Amino acid sequence: MSDKLFEHEGQQLILRARAGICTTPKEIVKSDAFLTCVKEFCNHLEKNASPLLKLLTPLKKDEEWSGIAALLETLTVVPLEQAVKLYAGAEVFLEGENRFTLHEFVEALYDYWRSFDRFMVLLSSTGTSGMNNRPYRAFNMTMEALSDAIRAAYRDLCENITGDHPRIYRQVTAGCDVGLIAVPMESKMPAEYTERLAGIPFIRQVMVEPPFIIDPPMNKRTGRFERVDDNPLLKCELDPAKWLCYPCQIGPMVMFVYFHQSFMGLGCALCNLFELATDEQIKAGPDAVYLYGAPAEAMKAYGDLPTVFYDDEANGLLTGAVPAEDRFGYFGYLKKMMLTLHNIKMMKDGLMPFHGAMVRITLRTGQSANMLLIGDTATGKSESLEAFRSVGAEVIQELKIIADDMGSIKVDEDGSVRGYGTEIGAFVRLDDLQQGYAFQQMDRAIFMNVQKVNARVVVPVTTMRELLRGYKIDFLLYANNYEAVDDLHPVLEQFADMETAISTFREGAAMAKGTTTSTGLVHTYFANIFGAPQYRHLHDGLAQKVFEAAFANKLFVGQMRTRLGIQGCESTGPIDAATAMLDAIQKHGK
């Protein structure tokens, strides 16, 4: 195990390896990781006074429980009748039902191992011989081989204890849930950044064994990300052995997201939401740097809610930081800070960021429309898009997602209004998806907090090519989730003038649904707390320019009443909204 490191972080087990890993049952049971797992499991049983340990305690010998580990090692090779002769006191396992008690122990140990979120980090060298140059082979030789070896060791143990073969085999993922190939790389960054980030490897490939289900410590986000006057990165001392960098493309920009291993599961979930940056993009350097899991002591200077970012104008970079504390262990703190930095970058480049969903809908009649639905969290954006799939199954030829949660609007020189996306995936509430949809996506989805309020799924929905193409907007709508529908308040309403439109979007009214700590009817500047209010002086001018162009081009500017925040309408509201939108496309579509 000289080139391997096995670490335990809460409910996460992390195996870091530079060379080959265990690929046979014999290597598994002789490894330090196996001994550590047996020790921790036995301590767990002892703490809970489990009857499973009663027969095994005489074999304890030391605090490492090495006697039990040695017995299990032998049992992978020979039957119980032979193994007990090698260990004093082990003959008891041949008496009465004791053989089956030992079998129960092995089954429980196997379940204990699989109850953790398990990660493999393959630390590759640079050059043509690096694992990143042959990732499929590398993952086969590590991830797949480890899973096969652990299953084989488990089955050998059970068969040598019971003397029988199982008749039903369940081919569960026994190794690691996620594999990463990480490589040291050079990047163009200011010296003060390089000094603190040097040695942290960049993730180049990710392999996920679905369904990947994690249970982070938090299930909602609170507050917003505040701009500060000094660079939080310069306050932090980082141990490269505990960090990884996920270099990603967010729309047209590149961001280096550094995450601490205590947030390993959340950091790995980025692979379903943001495309990895290319080697060339990494070498050219980032537009923004984000530390997710910064040292808590260093972040205390920023108050009780130290979720902060800094505009490093001297170096042309944005930096963000959130401490390594359980209260920030929610995917929203990762994703939304990244999008905040994206939005600021877009405003500086002359584009108006939006918090919303954009989709291109093409009907079988040939009519099409590009719809942008702007709204706050849980106002029915993603839910309405999903409703299109069911209500429009017979009339829709193609539904192409351009942006699921965040994007930007650009007014071209000819006055046309175009929308761009940021994410290749969606981070969606399970409760708001069509019944059964999440299970249809299980083979590529990442699930979070499935047993809690605000359970979520992260699933890929589009490609970088579609995000960056730039589609002319035909319908610019506000997602109204709080108003009932009647004769004076239709599902789909077009604004008569620009002043009413800007006022509605600027007011950003929404009924909070428990995805954050806000409750009741809330108001958010342009439904977007992620950079827009912090740079209001920039955003106001950009919004004025966008709406002037929208009305000049006679776009359909209005609001869609999704009613997602009205009790009893959580399912019917988005369906009615999708139906009304399809009718509008048939009337106004190109």
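Here goes a summary of the coordinates provided. (Residues numbered from 1 in each chain as written. Predicted model: local features only at pLDDT ≥ 70, side-chain atom pairs only at ≥ 80, totals over all residues. Heavy atoms only, no water.)

**Concerning the packing of aromatic side chains**
Link 1 in the chain: By the definition in use, this model includes 18 aromatic pairs.
Link 2 in the chain: Relative to Phe212, the ring of Phe119 lies with its centre 5.9 Å away and its plane at 85 degrees, an arrangement referred to as edge-to-face. Separated by 93 residues along the polypeptide, Phe119 in strand S3 (residues 117–123) and Phe212 in strand S6 (residues 212–214) bring together distant segments of the chain.
Link 3 in the chain: On the accessibility criterion, Phe212 (1% relative accessible area) is buried.
Link 4 in the chain: With centroids separated by 5.2 Å and ring planes inclined at 85 degrees, the aromatic side chains of Phe328 and Tyr333 adopt a geometry described as edge-to-face.
Link 5 in the chain: Residue Phe328 is classed as buried on the basis of its relative accessible area of 0%.
Link 6 in the chain: Of the residues examined, Tyr333 reaches a relative accessible area of 2% and is grouped as buried.
Link 7 in the chain: Put simply, the rings of Phe41, Phe105, Tyr112 and Phe116 pair up and form one aromatic cluster.
Link 8 in the chain: Note that Arg114 overlies the ring of Tyr110, its terminal NZ or CZ placed 5.2 Å from the centroid. (Phe/Tyr/Trp six-rings, centres within 6.5 Å; stacked < 30°, edge-to-face > 60°. Helix = DSSP H or I, 4+ residues; strand = E, 2+ residues; numbered from the N terminus. Buried < 20%, exposed > 50% of the residue type's maximum accessible area, 1.4 Å probe, protein only. Lys NZ or Arg CZ within 6 Å of the ring centre and 35° of its normal.)

**Brief notes about unusual backbone geometry**
Link 1 in the chain: The amide bond that connects Pro210 to the next residue, Pro211, takes the cis arrangement and shows omega of -5 degrees.
Link 2 in the chain: Residue placement: Pro211 occurs in the loop between strand S5 (202–208) and S6.
Link 3 in the chain: Positive phi, close to 50 degrees, is recorded for Ala49, a residue that is not glycine.
Link 4 in the chain: With respect to the secondary-structure elements, Ala49 resides in the loop between helix H2 (32–47) and helix H3 (66–75).
Link 5 in the chain: Despite not being glycine, Asn454 has its phi angle at roughly 65 degrees, a positive value.
Link 6 in the chain: With respect to the helices and strands, the residue Asn454 is situated in the loop between strand S20 (446–448) and strand S21 (456–460).

**So, the sheet that holds S20**
Across a sheet, strands are paired by hydrogen bonds formed along the backbone, either parallel or antiparallel in direction.
Link 1 in the chain: One open sheet accounts for four strands, arranged S6-S20-S21-S19; its pairing is mixed. Unpaired on one side and paired on the other, S6 and strand S19 (425–429) mark the two borders of the sheet. Strand after strand, the sheet turns through a mean of 20 degrees between neighbouring axes, direction not considered.
Link 2 in the chain: Across five bridges, S19 lies against S21 in antiparallel orientation. Looking at the pairing, Phe427 lines up with Val458 of S21. (Pairing = 2+ DSSP bridges. Axes fitted to C-alpha atoms, helices over the stretch in contact; angles between N-to-C directions.)

**Some points on helix H6 (residues 135–162)**
Link 1 in the chain: Here H6 is 28 residues long and its end C-alpha atoms lie 39 Å apart, about the 40 Å a rise of 1.5 Å per residue gives.
Link 2 in the chain: In H6, a bend of some 30 degrees at Ala145 exceeds every other bend along the element.
Link 3 in the chain: Just downstream of H6 lies Gly163, where phi reads positive at about 75 degrees. (Expected span 1.5 Å × (residues − 1). Bend = angle between axes of the 7 residues up to and from the residue.)

**Topic: the environment of Ser571**
Link 1 in the chain: When you line up the elements, Ser571 lands in the loop between strand S27 (556–561) and helix H17 (572–588).
Link 2 in the chain: A residue is classified by how much of its surface remains accessible, and Ser571, at 53% relative accessible area, is exposed.

**Some words on the side chain of Arg155**
Link 1 in the chain: Residue position: Arg155 is located in helix H6.
Link 2 in the chain: Sequence-distant contacts of Arg155, that is, excluding residues within four places in its chain, are made with Tyr169, Arg170 and Gln171. (Contact = heavy atoms within 4.5 Å.)

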